[in-house]
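Overview (structure and organization)
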Amino acid sequence: MSTEQRRAWILTGATVACVTALYVPCVQKAVPGGDSGELITTACELGVAHPPGYPVFTLLARLAISLLPSLSPAHCVNLMSSMLGAAASGALCFTVCRLSGPGPGAVLAGGIFAVSRLSWQWSMVAEVFTLNNLFVGLLFSLTSSFHCAEDAPQRQKFALWGALCCGLGLCNQHTLVLYVLVIIPWVLYRLYSHRELSFRGLVSLGVCFLGGFLPYIYLPMSSYLNTARWSWGDQTTLSGLLTHLLRVEYGTFSLAKTEDSVNLTTMLQAQLDHCLADLSVPVVTLAGMGLLLSWWDRRCCSVPWLFTAMLLVYSLFFAWRANLDISRPLLLGVVERFWLQSDAVVCVLAGLGLTWTHTSLERRLGCGGLWKTTSWALTVALLVHMAHSNHRECDQSGNSVVERFGREVLASVPADSIILTRGDLPGNSLRYLHYCQGVRPDVRLVDQEMMTYSWYVAKLGRHHPGVHFPGRWWDPVKPEEKETFSLEQFLSRNTQRAVFACIGLPDGDPSWERSFSRWPLGVCDHLVPAHRHFHPQEWAQHTRNIYNWSEPHDSFHPGSWERVANEEMWQARMKTAFFLFDLAERMQGEGKARLFELSYTLYKEIVEAHSDYPPNWDKNLALACERLLRSGRRGHSPDSLLTCSVRHFSLYLEKESTDPQAPAIHSAISHLLQERDRLRQSQGRTP
């Protein structure tokens, strides 16, 4: 090993160590939101994750859980992700070392990627993106090593390792294929230009590439054994395996099962804005310098342009296929994670740009020590500034919002209940707590979306003892088809257990409304037979303080799952009041007035208990005041009800001035004020 190679390994090791020291204290100890709960549960149960399966991540996560038995499964897998993220930054550092030598540019490439908001944020939680970052970094470092190899045996060695890395990387995240499709022709051309391309060599490369796909054997094995209480799909047949690998249930080459689309230019502009904001203008400028100055380094000029081609192909294809509405903060958060793959290219180009800039200045102006010192100073300044700016947002060590959300929901339902989960937030958090932590072993978790797939009952029905499925799958659109069932049939077959829907029910199957009613219980709804008598006072008392939740309203980033969980908990406080109000709207007689009064009492109690709360609470309380006034219920001052209604309508408009109903609300306020004035005038004339 040469002195330069030794320095490269030392610098890479130091970078990984520093990033690890930064990451580990910030790791989230509880289950995060999004897909993390499902991925951790899959590792706990040795099941199959959502398409395309992620076998490498699942097996690594299971290993982490086994090696760290004293920590919770969530903490173990989150910690593993942070280690993978640190290793990815080291791989980018090593890439620049191979192409331009060890120095500040290499540290900049690995360091900036590590402390950038997206990379740091997603290295703190159990997600597949950090492992994909590592495979991208390994691919870059093997590509640079292949390019700089001094003889045919070295080139062959790095080509074989690169082929294996490509296969393994595609066992994790399929977006890597867009880099692989660019690298393969380049490697074959390089081998051909050196007259080292042979049939035997092609076969060896193919064997290594296909060997990387061996982890996919885990999917049919797990599906065949069917011991996991949570698993996705049936991979025991070739058709089922291909359905899973190609993400047919999500939409192949799409982010979600939706017909929505985003303008290509809009998506590319959003990605550019992200680069300028999260990687910083100096880093993007240095990346451009690296691309331009690569022409002066004939030894390595093709590699930066290769990386640039990968960046362009990936960005254009992803912008074309990303079918989520990024105007919504939560969906923007889903999309921007995929920009990490292109961020890695920008960071490597920035590192090369810094190295080649100070080398060029040294060659033209002399004073080599000065320029190198300046480069180190710039690197340290950028890293310290970015680390300081992002630390508060990326430090997740005290974040347990999603896990507490799941615990509160599980604690709120009676013994032996069936919970019909809907969406990632309740589904993944409850699954993790139930299967990995053993919380509420008496309840049964049934996923509403999964129940619409033909494999769900056949594969997972046996793991839900006491739950009766009236057919092979739930078809909300055509429940009369053979072997399918409706929600009404499912509920009718499970009346021996309390059934709760969390969060909500889909609109496609209203059959349950014929025989069942929906009573609010926090974020969930209790689905009860329609003939059961409802006692408003008792239910209001039962749901009054159902959760022990103290997080301030509007206290999390709009694109975070913590924001979603917190908002659900806040809105759960007023669901019973809203339900009673809606029930009163559909009734007549004395019962109508009593329900309006109870709804008003609950709304008033909730609003007065908090200084900061969701804007819709003001609107709802104002409506409750107005309806109670019209109901003629005695015992309440008309003047105070009118004043309360005007006040809270006005407060609502202050918070939500863009509401399309604002003109109607302004008109209502005017009428209420006029009515109050007439009331006061009449009272003034009364002897």
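Everything numeric here is computed off the predicted structure, so don't read it as measured data.

**Some points on helix α7 (residues 128-148)**
- In this model, α7 (21 residues) spans 30 Å end to end at C-alpha, consistent with the 30 Å of a helix rising 1.5 Å per residue.
- For α7, a buried count of 20 out of 21 residues is recorded, marking the element as mostly surrounded by other parts of the structure.

**Thoughts on the sheet that holds strand β2 (residues 444-447)**
- Strands sit in the order β2-β1-β5-β7-β6 across an open sheet of five strands; the sheet is mixed. Bordering the open sheet on either side are β2 and β6 (516-521), each of which pairs with just one other strand. The sheet shows a mean angle of 30 degrees between the axes of neighbouring strands, direction not considered.
- Strand direction decides the pairing type here: strand β1 (residues 418-421) and strand β5 (residues 499-502), joined by four bridges, are parallel. Bridging across to β5, I418 finds its partner in V499.

**Overview of the environment of Q571**
- Within the secondary structure, Q571 is located in helix α24 (residues 561-572).
- Not counting chain neighbours up to four residues away, the residues in contact with Q571 comprise P614, N616 and W617.

**Let's talk about the packing of helix α14 (residues 281-293) against helix α17 (residues 340-365)**
- In contact at an axis separation of 6 Å, α14 and α17 are set at 70 degrees when each is read in the N-to-C sense. In terms of orientation, α14 and α17 fall into the roughly perpendicular class. Like other packed secondary-structure pairs, α14 and α17 cross with a definite hand, here left-handed. Where α14 abuts α17, its residues V283, L286, A287, M289, G290 and L293 lie against V346, L349, A350, L352, G353, L354, W356 and T357.
- Its residues assigned to classes, the contact of α14 with α17 shows eleven nonpolar, three polar and no charged.

Cut-offs and rules
- Residue positions are given per chain, counted from 1 along the sequence in the order it is written.
- With the structure being a predicted model, the display of local features is reserved for residues of pLDDT at least 70 and the display and counting of side-chain atom pairs for 80 or more, all residues being used for whole-chain, interface and lining totals.
- Excluded from the side-chain calculations are hydrogens and water; all other atoms, namely the structure's heavy atoms, are used.
- Labels follow the DSSP assignment, with helices taken as runs of H or I lasting at least four residues and strands as runs of E lasting at least two, numbered in each case from the N terminus.
- In this analysis, the expected span of each helix is defined as 1.5 Å times one less than the number of residues it contains.
- Only protein chains enter the area calculation, which uses a 1.4 Å probe; residues under 20% of their type maximum are buried, those over 50% are exposed, and those in between are partly exposed.
- Here a strand pair is declared whenever DSSP counts at least two bridges between the two strands.
- Only the stretch in contact is used when fitting a helix axis, every axis being a line fitted to C-alpha atoms; angles between N-to-C directions are given from 0 to 180 degrees.
- Should any heavy atoms of two residues lie within 4.5 Å, those residues are counted as being in contact.
- Orientation categories follow fixed angle ranges, with anything under 35 degrees roughly parallel, anything over 145 roughly antiparallel, 65 to 115 roughly perpendicular, and all other angles oblique.
- Helix crossings fall into two classes, left-handed where the near helix is turned counterclockwise from the far one by less than a right angle and right-handed where it is turned clockwise.
- Residues are grouped as follows: nonpolar covers Ala, Val, Leu, Ile, Met, Phe, Trp, Tyr, Cys and Pro; charged covers Asp, Glu, Lys and Arg; every other residue, Gly included, is treated as polar.

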